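A structural walkthrough
As a plain string of letters, each chain reads:
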Amino acid sequence: MQRSDNSNKLIKYIVVLGDFVILNILFYIYTELDARYVGVGPLHRLDEAFLIVNMAMAISQTQFATHLHERLITSDKIMQRVFGLVACQTLLSYVLYKPFVYGPPVGKFTLVFGIILFVVLLGVRLLERLALKRFRLMGRNKRFVLFVGSDPALLSIYTGLSKDPSMGYVIKGYVADEDIPDCPPELKRIGTIHDLKSRMEDKSNKRLGVIDELFCCFSSDDADLIRQIARFCDNHIIRFYFIQRSIDRLGMHLKVENLAGNFVFTNHEEPLSMLSNRILKRTMDLAVAIPVCLCMLPLIPILALIIKIQSPGPIFFKQLRTGIGGQEFYCYKFRSMHVNKDADLVQATKDDPRKFAFGNFMRKTNIDELPQFFNVLTGQMSVVGPRPHMLHHTEVYSELIDKYMVRHYVKPGITGWAQVTGFRGETKELWQMQGRVERDIWYIENWTPWLDIRIIWLTFKQLFVHDEHAY
């Protein structure tokens, strides 16, 4: 849904030009600091070295040019694009540079420069995104949108486009013969279908006013009207989108899939159902869990001694929890509470008397969760995923919350999307658990390795910025 108008193209060109400026400044500084790589063999002039890195960047831009100008772009997508750009530029620089250098290890040179370039470009890209958001909030680079139809399916599109003003969408309203049920007051009905037809048939009317994108939602019985609207949009440079009405009327959130060349609809789409994605996620889990477990081994005796001094009982707390496919497994933690009979039934509260002093510290700093990396090594858990709940909670909430069990389509995680978006810790009220489940399902349906990296980064930040829900 990101159509590039002239102003968006200008933004893209400015960002690309900035990439080349940054590349050349960094390369100049880098070669000044480590000049032994320039002047070796036939590559004896600095301008030839600059030519190589700029050629590599130009080729890389054809494949991984910025998407920053697009309106519905997330931070993980930006990171993914920058990584692809720098990886391609680094590889091409090595391939172009290597035939001329026989002395110093040019691979190390290009790799280190690539890492520096990635860090700097990513930081600049996030600053550029912030500047673009402010630019749009000032009323510039806008996209004007019109909805046609009265089906509730349009409301989900409206919510997605209007939830963040910095995306630059201006919703003009909707045209329909009747009101959209449960329509928010901000979304106004500005005319009827007859009015729309009259304006489309009026030769003096250029673009229905100022409209850049039109979203249409009708039954297939209105095929003639749909074609008329689409044809008008094509002739007046208006981006046309059709939303299938019959699917939404089922009262279900369905997604389209391609099955043997045919389009079918499913109520859940999990990227981790693909073997290649599961292998990638498992590889990432091991890459994180193995170093953490090795670093944790010398800490275990120290933590064990402190726990024993403050509270008699075992070092580790193990509890049956619900895992992938609804299977039960033992989840391990450093024990942070005195041994008690309510451990499998009652959640920890802010001033829980069952916690001892060092246990409270471990919970606030997440140290008590470290043994779960052993669960990751054994394949029972993942580093990122829906948090596993105690069996009692699974039994209770599966009866109270629709789609609660969907969160068990994937392995549970040490951290998750719900935990880094405000739904961590005690669930005093039902809406809190509902919010957690909604975010868990969103994570399952939108998984990417970049999303996992983003969640890990946000979790790492919480180690330094205390979460009031961590207790």
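Our structure is the block above this text.
Residues numbered from 1 in each chain as written. Predicted model: local features only at pLDDT ≥ 70, side-chain atom pairs only at ≥ 80, totals over all residues. Heavy atoms only, no water.

Our next topic: helix α3 (residues 75-97). In this model α3 runs 32 Å from its N-terminal to its C-terminal C-alpha over 23 residues, within 8% of the 33 Å that 1.5 Å per residue would give. Turning to α3, its buried residues are Asp76, Ile78, Val82, Gly84, Leu85, Val86, Cys88, Gln89, Thr90, Ser93 and Tyr97. (Helix = DSSP H or I, 4+ residues; strand = E, 2+ residues; numbered from the N terminus. Expected span 1.5 Å × (residues − 1). Buried < 20%, exposed > 50% of the residue type's maximum accessible area, 1.4 Å probe, protein only.)

Before going further, it helps to examine the nonpolar core. Core analysis: the biggest nonpolar cluster contains 29 residues, and Ile307, Phe334, Tyr443 and Ile455 have the highest contact counts within it. With four residues, helix α10 (residues 299-310) is the largest single contributor of residues to this core. By size, the runner-up hydrophobic cluster in this structure holds 21 residues, among which are Ile22, Phe50, Val82 and Leu122. (Core = buried A, V, L, I, M, F, W, Y, C linked by side-chain atoms within 4.5 Å.)

A few words on the sheet that holds strand β4 (residues 213-216). A sheet is described by the order of its strands in space; here five strands give the open sequence β3-β2-β1-β4-β5, paired in parallel fashion. Two strands close off the open sheet at either side, each with one partner strand: β3 (189-191) and β5 (239-242). Strand-to-strand, the axes of this sheet are offset by a mean angle of 30°, without reference to chain direction. The sheet contact formed by strand β1 (residues 143-148) and strand β2 (residues 169-175) spans six bridges and is parallel. When the bridges of β2 are listed, Val145 appears paired with Ile171. Across the face of the sheet, helix α7 (residues 223-235) comes into contact with β1, β4 and β5 while running at roughly 155° to β5. (Pairing = 2+ DSSP bridges. Axes fitted to C-alpha atoms, helices over the stretch in contact; angles between N-to-C directions. Contact = heavy atoms within 4.5 Å.)

Positive phi is not limited to glycine here, since Asn366 has a value of about 70°. Tracing the sequence through the fold places Asn366 in the loop between α11 (357-365) and α12 (372-377). The backbone of Lys403 sits at a positive phi, close to 70°, despite the residue not being glycine. Position of Lys403 among the secondary structure elements: in the loop between α13 (391-400) and β11 (413-415). Residue Lys403 is classed as partly exposed on the basis of its relative accessible area of 38%.

All right, on to the packing of aromatic side chains then. If you walk through the whole model with that rule in mind, you get 14 aromatic pairs. Plain terms: the ring middles of Phe316 and Phe334 are 5.3 Å apart, the flat faces sit at 20° to each other, and that makes the pair stacked. With a gap of 18 residues between them, Phe316 in strand β8 (residues 316-322) and Phe334 in strand β9 (residues 328-334) connect regions that are remote in the sequence. Classification of Phe316 by relative accessible area gives partly exposed; the value is 33%. Here the aromatic rings of Trp417 and Trp442 are separated by 5.1 Å at their centres, their planes lie at 25°, and the arrangement is stacked. Of this pair, Trp417 sits in helix α14 (residues 417-420) while Trp442 sits in helix α15 (residues 430-445), and the two are 25 residues apart along the sequence. Taken together, the aromatic side chains of Phe27, Tyr30, Phe50 and Phe113 make up a single cluster linked through ring pairs. Seen from the ring of Tyr330, Lys318 lies directly overhead, with NZ or CZ sitting 4.5 Å from the centre. When the ring centre of Tyr404 is taken as reference, the NZ or CZ atom of Arg407 above it lies at 5.7 Å. (Phe/Tyr/Trp six-rings, centres within 6.5 Å; stacked < 30°, edge-to-face > 60°. Lys NZ or Arg CZ within 6 Å of the ring centre and 35° of its normal.)

Glancing now at the pairing of β1. In summary, the side chains of a regular strand alternate between the two faces of the sheet. Within β1, five of the six residues are buried, leaving the element largely enclosed by the surrounding structure. Note: β1 against β4, four bridges, orientation parallel. The residue bridging Val145 from the neighbouring strand is Glu213, located in β4.

Another point: the side chain of Thr448. With respect to the helices and strands, the residue Thr448 is situated in the loop between α15 and α16 (449-462). Residue Thr448 is classed as buried on the basis of its relative accessible area of 16%. With near-sequence residues (within four places) excluded, Thr448 lies in contact with Asp76 and Lys77.

The subject of this paragraph is the side chain of Asp285. Turning to its location among the elements, Asp285 is positioned in helix α9 (residues 275-296). The buried charged residue Asp285 lacks any salt bridge, with Lys281 as its nearest oppositely charged partner at 4.7 Å. With residues up to four places along the chain from it excluded, the contact list for Asp285 reads Val376, Met381, Ser382 and Val383. (Lys, Arg positive; Asp, Glu negative; His and termini not counted. Salt bridge = Lys/Arg side-chain N within 4 Å of Asp/Glu carboxyl O.)

Together, Leu17, Val21, Ile25, Tyr28, Ile29 and Leu33 make up a nonpolar patch on the protein surface, roughly 620 Å² of accessible area in all. Examined against the element boundaries, Leu33 turns out to sit in helix α1 (residues 6-33). (Patch = residues over 30% accessible without salt bridge, like charges linked within 9 Å, V, L, I, M, F, W, Y side chains within 5 Å. Areas by Shrake-Rupley, 256 points an atom, 1.4 Å probe, with all protein chains shown as cover.)

This next bit is on the environment of Ile456. Along the chain, Ile456 turns up in helix α16. Look at Ile456 and you get partly exposed, because its relative accessible area is 34%. Considering only alpha carbons, one finds Ile456 and Gly416, 40 residues apart in sequence, at a separation of 8.3 Å. For Ile456, the residues in contact, after removing those within four places along its chain, are Val383 and Val384.

Note that all results are geometric; they support no functional claim without further evidence.
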